[in-house]
Amino acid sequence: MAFSERTGSKIEIFIRCSQLVNLDYLTKSDPLCVLYTKHEELWSECGRTEVINDTLDPQFSTTFIVDYYLDELQPLKFEVYDVDSNSADLSSHDFIGEAQVNLSNIILSSPELVKELRLPKSPQEKRGRIHLVGEEVIESKSVIRFDIAARNVENKCSYLESFIWNSSPFLELRRRNEDGSQLLLHKTEVVKNSANPHWTSFEIPSWKLCNSDYTRSIEFTCKHWKTFDTAVVIGRAFASVEELLSQRVSTRNLVSSSSNDKRSGAGTLLFQSVSATPVYSFVDYLRGGCGLSVMVAVDFTSSNGDPNLPNSLHCNGPTPNAYVEAITSVGEILAEYDSDQKFPAWGFGAVLPVDTARTSHCFPLSGNMYSPEVHGVEGILTAYRASLASARLSGPTLFSPILEAALRYVQSESVSQENQTYNILLIVTDGVIHDMENTIDKIVEASDEALSIIVVGVGNADFSQMETLDADTVPLTSSTGRTMSRDIVQFVSFRELRHRIGMDFSLARQVLAEVPNQLVSFMKRRGITPNAAAAAAVPPTAGDGGYET
């Protein structure tokens, strides 16, 4: 991710590490790699790989896509951690080391750039190596779906175990690059104790699978999983995407490197189904007429402080407070895509003049419960200031009534192929949630709807609950045991973001980062394609017709 908005090439960065220092006592480390980009002398997180358990030589299947510009140095920093829990907070894990490079160093290195991982405070101490490979992305709007099984897989258990057990096979896919190197793309699940495994079907974008070159060879490596040791290679097979899609290949022998008889092999891979289908982007849906509807909810609880005092988060002074900044920054971006400019806007956690006996946990800023919409961003701010002048801040902080109101709005619209719309709820808050279980229940329910939820935390409160709602690492599960169908919540700490990126930052860029993928995932689940599908689809190429083998 680059901060420049100019058009440039995209570089895909593949990462592996070797000889990492072991920070665990009884097992090996569980490495994770984090990428940072630099802007105006400040580092900002760009992405994270998956965690690979119990290894000092991880090869990550997660890659990073970085925009490349000839006229910029584009410093990159790679940090490697030993993950000890499910926490998204990097300070909760053991820091192994870091390496800093310029993007141009990766591009100019062949076959790979190798850097020592070091500690910033002890640069002489070597903590392992990081290997970086960069390749220009040739974009293609198609995804390749695989359904693969195997038959008569060679038993790689020990001699005594083989009388009871079969191998526990899993499959790794690697692509061969232009320089002859190979890079891990995907790893299937392990099918335990089976000579005839059938792995769960999976999809890989064509640009990642073969850089949109369907003639490029893909390596399929079948391995036997061992509980306390390195996996054992059973055999390998090779095929190009073009061969698989054109039905010229439906089976491949797994050949063991120790076998002299290439015909006998170590089993047979069965490509039960290989197909290519178009992939649509956020822009495709917007160009096809999909509209974005924006809703806003503002925290009026007493923990924000008296609005008449300068230290209040709701301070109505000469400079915009954090609430005004957040609403303005995000609202002005989203307003460009909201055709009617009518934004439902609510407050929560205040006592209103119309009912001084109780706290309202969902009230319209417009003052009209039957018409909570206001016009444009300025309308939101005007209604917010008017409510602030008449309401008495109270508590506790409850999210579920706001989510219930938003769900009623979303569910009142029937999203279909003909009527494409998507909703974004912006919640600006300072406090700890006091109805966490009910909030999770509503988010799980909302994950089936055309809705994304953006939570901006202001002030210095403990926002650990918000990180839980973000659900980037652990999906939310409702009180009835139902797991959310997709990730729809993005949380950003206003204070930490400002501290990390500086005063001149784009809050909108951070909080809206996940919305495009969330919209696309919803439409895909519903089977809805952009109404301009003919313009967005990939022109047919060899093997791009979705053949089944």
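In this text, all values refer to a predicted model and were calculated from it rather than measured experimentally.

A. A look at the sheet that holds strand E20 (residues 355–360). Within the open sheet, the 3 strands sit side by side as E20-E19-E23. Their pairing is antiparallel. The sheet is open, and its two borders are formed by E20 and strand E23 (392–393), each paired with just one other strand. Here strand E19 (residues 350–352) runs beside E20; their pairing, made up of 2 bridges, is antiparallel. What sits directly across from alanine 350, in E20, is serine 360.

B. The packing of helix H7 (residues 400–411) against helix H8 (residues 436–446), seen in detail. As a packed pair, H7 and H8 sit with axes 9 Å apart at the nearest point and diverge in direction by 15°. One finds that H7 runs roughly parallel with respect to H8. Relative to H8, H7 is oriented so that their crossing is left-handed. In contact with Ser400, Leu403, Glu404, Leu407 and Gln411 of H7, H8 contributes Asn438, Thr439, Lys442, Ile443, Glu445 and Ala446. Of the residues in the contact of H7 with H8, the class split is 4 nonpolar, 4 polar and 3 charged.

C. Molecular detail of unusual backbone geometry. A cis amide bond, omega 0°, links glycine 395 with the succeeding residue proline 396. Secondary-structure assignment places proline 396 in the loop between E23 and H7. Positive phi values are uncommon outside glycine, yet asparagine 152 reaches one of about 55°. Along the chain, the position of asparagine 152 falls in the loop between strand E9 (142–151) and strand E10 (169–176). Of note, the phi angle at asparagine 193 is positive, near 55°, even though the residue is not glycine.

D. View of the packing of aromatic side chains. Going through the model one piece at a time under the given rule, you end up with 12 aromatic pairs. Judged by centre distance (5.1 Å) and plane angle (75°), the rings of phenylalanine 220 and phenylalanine 271 are edge-to-face. A residue pair is termed long-range when its members are at least 10 positions apart, and phenylalanine 220 in strand E13 (residues 217–224) and phenylalanine 271 in strand E16 (residues 268–278) qualify at 51 residues. You can call phenylalanine 271 buried: its relative accessible area is 2%. Ring plane angle 55° and centroid distance 6.1 Å describe the contact between tyrosine 422 and phenylalanine 522, whose orientation is recorded as tilted. In this pair, tyrosine 422 sits in strand E24 (residues 421–429) while phenylalanine 522 sits in helix H12 (residues 515–526), placing the two residues 100 residues apart along the sequence.

E. Structural detail: the pairing of strand E3 (residues 42–48). Strand direction decides the pairing type here: strand E2 (residues 31–39) and E3, joined by 6 bridges, are antiparallel. Its bridge partner being in E3, threonine 37 is matched across the sheet by serine 44.

F. Main features of the layout of surface pockets. By volume, the second largest pocket amounts to about 800 Å³. Along the walls of the second largest pocket sit 26 residues, with Asn53, Asp54, Thr55, Thr230 and Ala231 positioned nearest its centre. Elements with a minimum of two residues in the lining of the second largest pocket: E10 and strand E11 (182–187). The biggest single contributor to the lining of the second largest pocket is E10, with 3 residues. Considered class by class, the residues forming the lining of the second largest pocket number 10 nonpolar, 7 polar and 9 charged.

G. Just empty space enclosed by the protein, in detail. One pass over the full model with this rule turns up 1 cavity of 30 Å³ or more. Empty space within the largest cavity amounts to approximately 30 Å³. If you trace the largest cavity, you find it lined by Phe399, Leu403, Ile427, Ile443, Ile453, Val455, Leu469 and Val489. Along the lines of polarity and charge, the residues of the lining of the largest cavity split into 8 nonpolar, no polar and no charged.

H. Examining the nonpolar core more closely. In terms of nonpolar packing, the biggest core is built from 51 residues, with Phe300 and Leu519 touching the most fellow members. Element by element, the count of residues in this core is highest for helix H5 (residues 322–335), at 8 residues. With residues up to four places along the chain from it excluded, the contact list for leucine 519 reads Phe282, Tyr285, Cys290, Leu292 and Tyr422. Core analysis: the next-biggest nonpolar cluster, separate from the first, contains 34 residues, Ala150, Leu171, Leu209 and Val241 among them.

I. Local environment of helix H6 (residues 376–390). The end-to-end C-alpha distance of H6, which contains 15 residues, comes to 22 Å, matching closely the 21 Å that a straight helix rising 1.5 Å per residue would cover. Taken together, the buried positions of H6 are occupied by Gly376, Val377, Gly379, Ile380, Leu381, Ala383, Tyr384, Ser387 and Leu388. Residues of H6 that are buried sit in contact with strand E17 (291–299), H5, strand E18 (342–348), strand E21 (363–364), strand E22 (373–375) and E23.

J. The sheet that holds E16, seen in detail. Spatially, E12-E9-E16-E15 is the arrangement adopted by the 4 strands of the open sheet, whose pairing is antiparallel. If you trace the sheet from one side to the other, it starts and ends with strand E12 (202–205) and strand E15 (251–253), each paired once. Neighbour-to-neighbour, the strand axes of the sheet open up by a mean angle of 35°, direction not taken into account. Pairing between E9 and E16: 10 bridges, direction antiparallel. The residue bridging alanine 149 from the neighbouring strand is leucine 270, located in E16.

K. Representation of the environment of tyrosine 285 in the model. Position of tyrosine 285 among the secondary structure elements: in helix H4 (residues 282–287). When its relative accessible area of 3% is taken as the criterion, tyrosine 285 is described as buried. Sequence separation between tyrosine 285 and threonine 421 is 136 residues; the distance between their C-alpha atoms is 9.5 Å. Of note is the side chain of tyrosine 285, whose polar atom sits 2.6 Å from the backbone oxygen of isoleucine 528.

L. Representation of the packing of H5 against H6 within the structure. For the pair H5 and H6, interaxial distance at closest approach is 9 Å and the crossing angle is 155°. On the basis of their axis angle, the class for H5 and H6 is roughly antiparallel. Considering only the axes of H5 and H6, their crossing is right-handed. Residues Tyr323, Val324, Ile327, Thr328, Gly331, Glu332 and Ala335 of H5 form the contact with H6, whose participating residues are Val377, Ile380, Leu381, Tyr384 and Arg385.

The rules behind each value
- Residues numbered from 1 in each chain as written.
- Predicted model: local features only at pLDDT ≥ 70, side-chain atom pairs only at ≥ 80, totals over all residues.
- Heavy atoms only, no water.
- Pairing = 2+ DSSP bridges.
- Helix = DSSP H or I, 4+ residues; strand = E, 2+ residues; numbered from the N terminus.
- Axes fitted to C-alpha atoms, helices over the stretch in contact; angles between N-to-C directions.
- Parallel < 35°, antiparallel > 145°, perpendicular 65-115°, else oblique.
- Left-handed = near helix turned anticlockwise from the far one by under 90°.
- Contact = heavy atoms within 4.5 Å.
- Nonpolar A, V, L, I, M, F, W, Y, C, P; charged D, E, K, R; others polar.
- Phe/Tyr/Trp six-rings, centres within 6.5 Å; stacked < 30°, edge-to-face > 60°.
- Buried < 20%, exposed > 50% of the residue type's maximum accessible area, 1.4 Å probe, protein only.
- 1 Å grid on protein atoms, 1.4 Å probe; cavity = no way out; pocket = protein on both sides within 12 Å on 5 of 7 lines; lining within 4 Å.
- Points joined across faces, edges and corners; volume = space filled by probe spheres on them.
- Core = buried A, V, L, I, M, F, W, Y, C linked by side-chain atoms within 4.5 Å.
- Expected span 1.5 Å × (residues − 1).
- Polar contact = N/O pair within 3.5 Å; in protein donor to acceptor, adjacent residues only side chain to side chain.

Fair warning: the whole summary comes from geometry, so function is off the table for now.
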